[in-house]
Amino acid sequence: MMRILFREAISAMTVTFEPRTRLKHLEEYVTKIHLKLPPEEAKVQLLRCRIVAYGLIAEIGEKAYNKAFVDQIFAQAYRNLSESTGQDLRDPFSDPCASQYQILDELRSYGRRDLPEPFLRFIRAEFKKAFVPTMRLLTDLCSSENKYSWEEVKLQLVEIMDHLGVDVTWEECEEKLEKYMKKIGGTIYIN
């Protein structure tokens, strides 16, 4: 009996945040990310955090919380990161067409560069949560006729995953991506 009461007390103490609170915490984190992480890792975290932020605005479901709201937060985060590094680190979503090429090139470069193993483990772990949905959104948001199609991007991502030794299958990536796209679909493509 005592164990059951203890388990119930523990489960009652579980912290859960409603989407607005989580979005506020995320905003605080990303606008200070330049103070917490090296630039290479911060760029990947910003991709991952944006994916989370789009999911949160879909959960909130109010007009005030839209793609433009999230994009404004991340534009500031990229400005802060650029200023702290002295590099021009543009928000990939400000030019989704060019960013398609840039992110794929950067991902390919990870296999050729002498990067620390902890960073490569981080890249592998974040691949399906950060890079796959980011590339899908950039592909969908790019209106140029010269863009890669999603099929072309998928082929390149599979090749990169193999080269980097990412320990997930493309099927797992697509399953997670499909759920995510259903969640954000009506929210992300409406400004």
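Residues numbered from 1 in each chain as written. Predicted model: local features only at pLDDT ≥ 70, side-chain atom pairs only at ≥ 80, totals over all residues. Heavy atoms only, no water.

Chemist: Could you clarify how one ought to interpret helix α2 (residues 19-31) in this entry?
Modeler: When the terminal C-alpha atoms of α2 are compared, their 18 Å separation across 13 residues agrees well with the 18 Å that a helix rising 1.5 Å per residue should span. Within the sequence span of α2, burial applies to Pro 19, Leu 23, Leu 26 and Val 30. Taken end-on, α2 shows its buried residues confined to a sector of 60°, consistent with a single buried face. Buried positions along α2 lie against α3 (33-36), α4 (39-60) and α5 (67-85). (Helix = DSSP H or I, 4+ residues; strand = E, 2+ residues; numbered from the N terminus. Expected span 1.5 Å × (residues − 1). Buried < 20%, exposed > 50% of the residue type's maximum accessible area, 1.4 Å probe, protein only. Arc of directions from axis to C-beta. Contact = heavy atoms within 4.5 Å.)

Chemist: Whenever I open this one, the pattern of salt bridges confuses me. Can you help?
Modeler: As a working rule, side chains carrying opposite charge can pair if their charged atoms are close by. Tallied over the entire structure, the rule returns 19 salt bridges. For the salt bridge of Asp 91 with Arg 50, the shortest nitrogen-to-oxygen distance reads 2.7 Å. Note that Asp 91 is positioned in the loop between α5 and α6 (96-112) and Arg 50 in helix α4, a separation of 41 residues in sequence. Residue Asp 91 is classed as buried on the basis of its relative accessible area, which comes to 10%. Its salt-bridge partner being Lys 129, residue Glu 126 comes within 3.6 Å of it at the nearest N-O pair. Of this pair, Glu 126 and Lys 129 both sit in helix α7 (residues 117-141), 3 residues apart, which is roughly one turn of the helix. Residue classification places Lys 129 among the partly exposed residues on the basis of a relative accessible area of 26%. Where salt bridges share partners, they join Arg 50, Lys 67, Asp 71 and Asp 91 into one cluster. (Salt bridge = Lys/Arg side-chain N within 4 Å of Asp/Glu carboxyl O.)

Chemist: How do you make sense of the state of the cysteines when you look at a structure like this?
Modeler: Chemically, a disulfide is nothing more than a covalent bond linking the sulfur atoms of two cysteines. This structure, assessed with the given rule, holds 1 disulfide. Two residues, Cys 97 and Cys 142, share a disulfide whose sulfurs are 2.0 Å apart. Around the S-S axis, the bridge from Cys 97 to Cys 142 shows a dihedral of about 110° and counts as right-handed. Here the residue Cys 97 occupies a position in helix α6, and Cys 142 occupies one in the loop between α7 and α8 (150-164), the gap between them amounting to 45 residues. You can call Cys 142 buried: its relative accessible area is 3%. Cys 49 takes part in no disulfide bond, and the closest cysteine sulfur to it belongs to Cys 173, at a distance of 19 Å. Exposure remark for Cys 173: the relative accessible area of 1% places this residue in the buried category. (Disulfide = S-S within 2.5 Å.)

Bear in mind that shape data such as this cannot, by itself, settle questions of function.
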